[in-house]
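# Residue-level structure breakdown
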Amino acid sequence: MRIYKARDYGDMSRKAANILSAQVILKPNSVLGLATGQSPLGVYRQLIEWYAKGDIDFSEVTTINLDEYIGLPPDSPQSYQHFMRENFFSRVNIKDVNIHIPDGLQIDALGECARYDAVIRGVGGIDMQLLGIGHNGHIGFNEPGAAFEKGTHLIALSERTKKANSRFFKSEGEVPEYAYTMGIRSIMQARGILVVVFGEDKAEIVKRAFCGEVTPLVPASVLQLHNNVTLVGDEAALSQMGDGGDGNEGSAESAELAYTDEHLNLP
Ligand code: GLP
């Protein structure tokens, strides 16, 4: 695992945007797994700026978003579809046909999850997955206890996540109960994973996820088993990580851990 310590949110966003941008420059038809939330927002802003300057081209890029609330129309300001269009897609030259987000209005859950997994397979898998981490260690909407071997599935949001995400709604009561999320299996099958974390309130979960036991109770801890993870965080978020986070490779121990199907009990 590589850990990069950033001075602040802006620095974190630039460092992460540089990594994504390098991915797209080296492979113009990259498949990018994308996330919502405050953590990746600055990354999108930076990429938009570089696109406007002519430094990066998204015309061949495909995007796969992690998750979507169930029951919110795509034009609802709180839907992830809306978040992504407002904050990224409408400001760069990604083709509409190459944008993929679970359909939160689809009531045939099994069908929608199977469709989304087929989309991921159909584009050849994800080259680089951008991730934030929830306060309880969730990635996408894989809440504590989520089975590591799942593909896309329907989940019930935990009370903690509903509370955390209520900042985007008028009240907690308006936060949807359910969401579709890519599963941990799909996330772990990405060829590279880029995690962005900022703020002191993430410090404890970041330590548990990357220095603690690998357990479904802390979904992000599974990332320790992936052999190509880059963690970019500001000083506050990385403050409990001990000697790591100095801009160098992570510990030999984590670097040597290779992700194999055996770890996840995959077919
Ligand atoms: C939501 C998203 C996650 C995101 C998390 C943390 O629950 N489903 O993908 O990582 O929020 O968001 P933030 O970066 O705003 O803390």
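Above this text is the structure in question.
Description of the structure in this document. Remember, predicted model here, so these are calculated numbers, not experimental data.

Turning to the overall build of the chain, a few remarks are in order. Check the secondary structure of the chain and you find nine helices and ten strands. In terms of C-alpha radius of gyration, the chain reaches 17 Å, essentially the compact-globule figure of 18 Å for 267 residues. Along the longest, intermediate and shortest principal axes, the C-alpha atoms of the chain span 45 × 45 × 40 Å. The buried share of the chain, taken over its 267 residues, is 54%. Contacts in the chain between residues at least 24 apart in sequence constitute 79% of all its contacts with a sequence separation of at least 6.

Every one of the 14 residues lining the ligand counts as a neighbour, but Gln38, Ser39, Asp67, His138 and Lys202 are closest to it. Measuring from a nitrogen atom of the ligand, one finds a side-chain N or O atom of Tyr80 at 3.5 Å. Interatomic distance of 2.9 Å between a side-chain N/O atom of His138 and an oxygen atom of the ligand. Here the ligand, which alone exposes 390 Å², has 96% of that area covered by the protein.

Two numbers describe how helix α1 (residues 9-26) lies on helix α2 (residues 38-52): the axes approach to 8 Å, and their chain directions differ by 60°. Taken as axis vectors, α1 and α2 run oblique relative to one another. Where α1 crosses over α2, the handedness of that crossing is right-handed. Judged by residue contacts, Tyr9, Met12, Ser13, Arg14, Ala16, Ala17, Asn18, Leu20 and Ser21 of α1 engage Gln38, Ser39, Leu41, Gly42, Val43, Gln46, Leu47 and Trp50 from α2. Counted by class, the contact of α1 with α2 contains nine nonpolar, seven polar and one charged residues.

The end-to-end C-alpha distance of α1 is 26 Å, a good match for the 26 Å that 18 residues give at a rise of 1.5 Å each. Inspection of α1 places Asp11, Met12, Ser13, Ala16, Ala17, Leu20, Ser21, Gln23 and Val24 among the buried residues, and these make up the whole buried set. Buried residues in α1 make contact with β1 (2-6), β2 (31-34), α2, β6 (128-131), β9 (192-197) and β10 (229-234). The backbone nitrogen of Gly10 has a side-chain oxygen 3.3 Å away, supplied by the residue at the start of α1, namely Asp8.

Here we come to the sheet that holds strand β3 (residues 62-65). Spatially, seven strands are ordered β1-β10-β9-β6-β2-β3-β5 in an open sheet, and the strand pairing comes out parallel. Of all the strands in the sheet, just β1 and β5 (99-100) have a single pairing partner and so form its edges. Across two bridges, β2 lies against β6 in parallel orientation. Across the sheet, the residue bridging to Leu32 is Met128, located in β6. The sheet contacts of α2 involve β2, β6 and β9, and relative to β9 the element is tilted by about 110°.

When you line up the elements, Ser166 lands in the loop between α5 (159-165) and β8 (178-181). A distance of 2.5 Å separates a polar side-chain atom of Ser166 from the backbone oxygen of Lys163. Those residues in contact with Ser166 that sit more than four places away from it in its chain are Ser171, Glu172 and Val175.

Next up on the list: the pairing of β9. Remember that side chains alternate between the two faces of the sheet whenever the strand is regular. With six of six residues buried, β9 is to be regarded as a mostly interior element. Both faces of β9 are covered, namely the face carrying Gly192, Leu194 and Val196 and the face carrying Ile193, Val195 and Val197. Two strands pair when backbone bridges link them, and β6 and β9 are joined in this way by four bridges, in the parallel orientation. Bridge pairing in β9 places Leu130 opposite Leu194. When β9 meets β10, the two strands line up parallel, connected through five bridges. By the bridge assignment for β10, Val195 is matched with Leu231. For the crossover that starts at β9, traverses helix α7 (residues 203-211) and ends in the parallel β10, the hand is right-handed.

About the cut-offs
Residues numbered from 1 in each chain as written. Predicted model: local features only at pLDDT ≥ 70, side-chain atom pairs only at ≥ 80, totals over all residues. Heavy atoms only, no water. Helix = DSSP H or I, 4+ residues; strand = E, 2+ residues; numbered from the N terminus. Rg over C-alpha atoms; globule rule 2.2 N^0.38 Å. Buried < 20%, exposed > 50% of the residue type's maximum accessible area, 1.4 Å probe, protein only. Contact = heavy atoms within 4.5 Å. Near = heavy atom within 4 Å. Polar contact = N/O pair within 3.5 Å; in protein donor to acceptor, adjacent residues only side chain to side chain. Areas by Shrake-Rupley, 256 points an atom, 1.4 Å probe, with all protein chains shown as cover. Axes fitted to C-alpha atoms, helices over the stretch in contact; angles between N-to-C directions. Parallel < 35°, antiparallel > 145°, perpendicular 65-115°, else oblique. Left-handed = near helix turned anticlockwise from the far one by under 90°. Nonpolar A, V, L, I, M, F, W, Y, C, P; charged D, E, K, R; others polar. Expected span 1.5 Å × (residues − 1). Pairing = 2+ DSSP bridges. Right-handed = clockwise from strand over helix to strand, strands pointing away.

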